[in-house]
Amino acid sequence: MIFRQLAETFGFRSFRPHQEEIVRAVLNRRDVFAVMPTGGGKSLCYQLPAKIMDGVCVVVSPLIALMKDQVDAARTNGINAATLNSTIPLEEQRKIGSALHRNEIDMLYISPERFNNERFIERLKTLNITFFAIDEAHCISEWGHDFRPDYLALSRIAEEFPNTPLAAFTATATARVSDDIVCRLKLRNPLLVRASFNRPNLFYRVVPKINFHQQLREFLQKHPKDSGIIYRQSRKKVEETAAMLQREGYSALPYHAGMSDEDRHRNQDAFSKDACQIVAATIAFGMGIDKSNVRFVIHGELPKNIEGYYQETGRAGRDSEPAECMLFYSRSDSFILEKFAKDIEDTQARKIALQQLQQMFHYAENQSECRRTVLLRYFGEQYPKHQSSLTLCGGCDYCSDDAEKEDATIPAQKILSAIVRTGEKFGAGQIVDIVTGSNTEKIRQFHHDTLPTYGVGKDKPKTYWKAVINTMLAKEVLNTEDPERPILKLTDSARSILKGRRRFEMIKFLEKEQKERRLSAAELPALSPFGQSVFEKLRELRMSLAQEANVPPYVIFNDRTLHEAALFLPQDKTELLQISGIGEYKAGLYGKHILSAIQECCAADSEAAETSRKTFTPFSGRFAEPPAKQKGGITPTIEETLHLFGQGNSIEQIAALRQLSKGTVYSHFEDAYQSGYAVDSERFFTPERLAQIREWFADSAKEAAELGFTLWRLKPAVEASGGQLDYDEARLARMFLQKEHSQHALDNIP
Ligand code: ADP
Ligand code: MG
């Protein structure tokens, strides 16, 4: 029953962790308290039983402004939801009231203020209430960061409705808040659920901040259409960032507590509805916004604690498609936080704030441990489950292949020497000017142009030297004592570096394609250029459907749904129903539109469509790929390589003939293969050799595999081979192995 409902109503193939357990408990009329991360899928835990049970489920949700979105989202799945709040016209309220009495409503969303009203409670008592669902339940706790006095009224539910079960949900993980919630809501022997806080589709990255707006522009050039949130520390910075983005032609809006309610609501609504791509905001923004296609969350400054950081980054990628969480870090930004924390009057509160800040520093500054490990440790989770020095999350800058570390001992020594020779009396600006040999007033005034270190770093731009200093601050090679005047001072480890007793390393970030670093088995293959054009077309369709229905686009379909549809190009309703996120009801509402949009794309480029399309076996949800076909769209240089290969030349011969490196030739095959060109693995590998390489990859990622990750990391595999495999060959083999693997994963979708 519940599986059928999951497929029919929501169009999902399987439950997310803990959902089934919770749904069953609610159906058995047991109280529930569930802590699940943002994007964990809490809504389904009460929406599904609400749909199944006879009667009305009362959902308490904190923000009236967002209730309409929640109701709309439920309704597009065919769940009869309604809301009663002060913004609803009386006439409408009366209608809802009588529908309630006719037992026609599955879910009633109300605000906590509503509940604190005797007449309303009496009215509720006349209804057939199946259970109460309390969303964002941490709002009841004064220990929580979102405490709302109105929520206190909810402790009356258990008294007024002693026979009605209560299910409470939160993403706030601290034990203190959890205990408080259970106690204040007076839950009776509740099912306690605590989901893992790991969000495998989020990629965590910390970047030294050099010039935020410049770095932001570079990031956005790579994500020109993605929707995202940029958190900034102050209203002023929010305004600046929004204005900068608008000047650059992005659709961006600000959001902060200094704006009028009306403006805030309008901007939030625009973001929700994809009418605005980017919101620049203070942390006032985000709670209760269920927009699922947020592709990045950027922090322009250090947040004040990990809890908050995790909530904010958690707003990315709820649809479980890859999303990026990027923190721009500069030690000097944290001084202000430190100053505020130190200003807290209450001794205990001050201590906690400083301690939390310390943990946040540690997260940002840490250069020797996986980011996910640090985050999850904060929530009391051990990750990876086994004690191991092997890092394997594959989803953070530290663990991914693209985190290339470089030795920067000599540049560090140059900086340190400049600091020492100027008596540890100057800030980063002056030190950089000395090293780069700038001719400024201040340089001449202090005769810094006579120092031996003057101009020793001319060969590199100032931004590079600033990054070196920032990393040194982050690693506490340097520190600054007075937050007001950030003067650089040496620490003991600086002295060791200066004397050459210690190396200094920096992470060098190389952006790569997102697909390169994706890890989980549930991951979808990347879209071909044709697939991408279908995705765009469907995205536009989603937008116009959303505008017509006056609901946010994510309510219609999430990005995962579009991605699957663009990949598998369903041709009829049966195939459409196999796509995640499309249930009977939605297929009925929008099916025709999607199918005809897909057909249009396919008709426009039938050859590309055929290559791109994965054949679809109805009912089983299995996707099988047709044999790759030779295809145009390959650059002349790749064509040349393929031509020579076709004539029977080996890789070595091609490399010699074309005066290219072997690696380049390999990369030609990779590109060709990815754009659908049939490359036969047997021209490169005997089946035995390929099997052997497969084993090296598997050996080097055993621990990851136990945790359900499939990693294809080159370095460990090369190492595991003990000298029998080089990078070029590993890379080429990986291309075949990965394909074989994803084929296998797709074949095994239940
Ligand atoms: P939360 O309230 O816990 O932050 P939501 O209830 O908003 O999370 O769900 C986040 C996203 O996950 C939504 O887009 C929802 O459609 C999707 N989702 C929930 N459950 C599943 C599931 N079993 N399979 C696929 N997607 C799901
Ligand atoms: Mg939610």
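Presented here is a report on the structure given in the accompanying data block. Here the structure is a predicted model, which is why all the values come from computation and not from measurement.

## Details of the site of ligand 1
Among the 16 residues in the neighbourhood of ligand 1, the closest are listed as S14, G39, K42, S43 and R318. The side chain of Q19 places a nitrogen or oxygen atom 3.0 Å from a nitrogen atom of ligand 1. Summarising the interface, the protein chains cover 85% of the accessible area of ligand 1, which totals 570 Å² for the free molecule. Per element, the largest residue contribution to the shell around ligand 1 is three residues, and it comes from helix 3 (residues 42–52). Residues belonging to the shell around ligand 1 are distributed by class as follows: four nonpolar, nine polar and three charged.

## Considering the pairing of strand 13 (residues 323–329)
Among the seven residues that make up strand 13, seven are buried, leaving the element largely enclosed by the rest of the structure. Relative to strand 13, strand 8 (residues 202–208) is paired through seven bridges, and the arrangement is parallel. Paired with P208 across the two strands is Y329, which belongs to strand 13. In terms of strand pairing, strand 12 (residues 294–299) meets strand 13 through four bridges, oriented parallel. Opposite V297, over in strand 13, you have C325 as the bridge partner. Taken together, strand 12, helix 13 (residues 306–313) and strand 13 form a β-α-β motif whose crossover is right-handed.

## Quick notes on the nonpolar core
Formed by 80 residues in total, the largest nonpolar core has its most connected members in L124, I134 and Y363. No other element matches the six residues that helix 15 (residues 347–365) contributes to this core. Each of domain 1 (2–194) and domain 2 (202–402) gives at least three residues to this core. Each residue touching L124, except ones within four places of it in the same chain, is listed here: V58, L108, F115, I129, F132 and F161. L6, V71, L191 and A195 belong to the second largest nonpolar core, which has 33 residues in total.

## Considerations on the pattern of salt bridges
Throughout the structure, instances matching the rule amount to 46 salt bridges. Put simply, K236 and E240 hold a salt bridge, and the shortest N to O gap is 3.4 Å. A residue pair is termed a helical-turn pair when its members lie 3 or 4 positions apart in one helix, as K236 and E240 do in helix 11 (residues 235–247) at four residues. Residue K236 is classed as exposed on the basis of its relative accessible area of 61%. Three or more residues are tied together by salt bridges with common partners; here these are D274, K291, R295, D319, R542 and D559.

## Digging into the packing of aromatic side chains
Aromatic ring pairs are reported here in terms of the distance separating the ring centres and the angle at which the planes meet. Counted under the stated rule, the structure contains 24 aromatic pairs. Both rings, one in F3 and one in F15, keep their centres 5.4 Å apart while their planes meet at 70°; by these two values the pair is edge-to-face. With F3 in helix 1 (residues 2–10) and F15 in the loop between helix 1 and helix 2 (19–27), the pair connects residues that are twelve residues apart, well separated along the chain. Assessed through its relative accessible area of 42%, F3 is described here as partly exposed. On the basis of relative accessible area, F15 is assigned to the buried category, the value being 15%. Here the aromatic rings of Y378 and F379 are separated by 5.1 Å at their centres, their planes lie at 90°, and the arrangement is edge-to-face. You can call Y378 partly exposed: its relative accessible area is 23%. Each member of the aromatic cluster is reached from another via a ring pair, and the members are F645, F669, F684, F685 and F736. The ring centre of F120 lies 5.5 Å from the NZ or CZ of R114, which sits over that ring. Just above the ring of F212 sits the side chain of K209; from NZ or CZ to the centre is 5.7 Å.

## A closer look at the packing of helix 10 (residues 212–222) against helix 11
Packing of helix 10 against helix 11 brings their axes to within 11 Å, and their N-to-C directions diverge by 45°. On the basis of the axis angle, helix 10 is oblique to helix 11. In this structure, the crossing between helix 10 and helix 11 has a hand that is right-handed. Residues F212, H213, L216, R217 and L220 of helix 10 form the contact with helix 11, whose participating residues are E240, T241, M244 and L245.

## What about empty space enclosed by the protein?
Applying the stated criterion to the full structure yields four cavities of 30 Å³ or more. The volume enclosed by the second largest cavity comes to roughly 60 Å³. Lining the second largest cavity, in full, are L84, G97, L100, H101, L108, F120, R123, L124 and L127. Those elements that provide at least two residues to the lining of the second largest cavity are helix 5 (90–101) and helix 7 (118–125). Of the residues that constitute the lining of the second largest cavity, the class distribution is six nonpolar, two polar and one charged.

## Describing the sheet that holds strand 9 (residues 227–231)
Spatially, six strands are ordered 8-13-12-9-11-10 in an open sheet, and the strand pairing comes out parallel. Every interior strand has two partners, whereas the edge strands, strand 8 and strand 10 (252–255), have only one. The mean inter-strand angle of the sheet, taken between neighbouring strand axes irrespective of direction, is 15°. Relative to strand 11 (residues 278–281), strand 10 is paired through four bridges, and the arrangement is parallel. Paired with P254 across the strands is A280, a residue of strand 11.

## A word on helix 13
With respect to burial, helix 13 is a largely interior element, eight of its eight residues being buried. By the burial criterion, the buried members of helix 13 are I306, E307, G308, Y309, Y310, Q311, E312 and T313.

## Description of helix 9 (residues 175–184)
For helix 9, the set of buried residues is V177, S178, D180 and I181. Projected down its long axis, helix 9 shows its buried positions confined to an angular sector of 165°, all on one face. Residues of helix 9 that are exposed and angled more than 90 degrees away from the buried face: A175, D179 and C183. The inward-facing, buried residues of helix 9 abut strand 1 (32–35) and strand 6 (166–170). Downstream of helix 9 by one or two residues, K186 has phi in the positive range, about 55°.

## Here's the deal with unusual backbone geometry
The backbone of D274 shows a phi angle near 60°, a positive value even though the residue is not glycine. Relative to the helices and strands, D274 resides in the loop between helix 12 (261–272) and strand 11. According to the relative accessible area criterion, D274 is partly exposed, its value standing at 22%. Look at L569: it is not a glycine, yet its phi comes out positive at around 45°. With respect to the element layout, L569 can be found in the loop between helix 24 (559–568) and helix 25 (573–576).

## Brief notes about the environment of K42
Note that K42 resides in helix 3. Separated by 26 residues in sequence, K42 and R16 place their C-alpha atoms 9.6 Å apart. In this structure K42 touches M36, P37, F169, T170 and A171, once residues within four positions along its chain are discounted. Among the polar contacts made by the side chain of K42, one reaches the main-chain carbonyl oxygen of P37 at a distance of 3.2 Å.

## Overview of the side chain of D728
With respect to the helices and strands, D728 occurs in helix 34 (residues 727–747). Accessibility expressed as a relative area gives 19% for D728, which makes it buried. Here D728 is in contact with K662, G663 and Y666, once residues within four sequence places are set aside.

## Examining the packing of helix 14 (residues 331–342) against helix 15
Between helix 14 and helix 15, the least distance of the axes is 9 Å, while the angle of their chain directions is 165°. Considering the angle they form, helix 14 stands roughly antiparallel to helix 15. Judged by the sense of rotation from one axis to the other, the crossing of helix 14 with helix 15 is right-handed. Residues R331, S334, L337, E338, A341 and K342 of helix 14 form the contact with helix 15, whose participating residues are R350, A353, L354, L357, F361 and E365. A per-class count over the contact of helix 14 with helix 15 returns six nonpolar, one polar and five charged.

What counts, and where the lines are drawn
Residues numbered from 1 in each chain as written. Chains lettered and ligands numbered in written order. Predicted model: local features only at pLDDT ≥ 70, side-chain atom pairs only at ≥ 80, totals over all residues. Heavy atoms only, no water. Near = heavy atom within 4 Å. Polar contact = N/O pair within 3.5 Å; in protein donor to acceptor, adjacent residues only side chain to side chain. Areas by Shrake-Rupley, 256 points an atom, 1.4 Å probe, with all protein chains shown as cover. Helix = DSSP H or I, 4+ residues; strand = E, 2+ residues; numbered from the N terminus. Nonpolar A, V, L, I, M, F, W, Y, C, P; charged D, E, K, R; others polar. Buried < 20%, exposed > 50% of the residue type's maximum accessible area, 1.4 Å probe, protein only. Pairing = 2+ DSSP bridges. Right-handed = clockwise from strand over helix to strand, strands pointing away. Core = buried A, V, L, I, M, F, W, Y, C linked by side-chain atoms within 4.5 Å. Domains from an automatic or database assignment. Contact = heavy atoms within 4.5 Å. Salt bridge = Lys/Arg side-chain N within 4 Å of Asp/Glu carboxyl O. Phe/Tyr/Trp six-rings, centres within 6.5 Å; stacked < 30°, edge-to-face > 60°. Lys NZ or Arg CZ within 6 Å of the ring centre and 35° of its normal. Axes fitted to C-alpha atoms, helices over the stretch in contact; angles between N-to-C directions. Parallel < 35°, antiparallel > 145°, perpendicular 65-115°, else oblique. Left-handed = near helix turned anticlockwise from the far one by under 90°. 1 Å grid on protein atoms, 1.4 Å probe; cavity = no way out; pocket = protein on both sides within 12 Å on 5 of 7 lines; lining within 4 Å. Points joined across faces, edges and corners; volume = space filled by probe spheres on them. Arc of directions from axis to C-beta.

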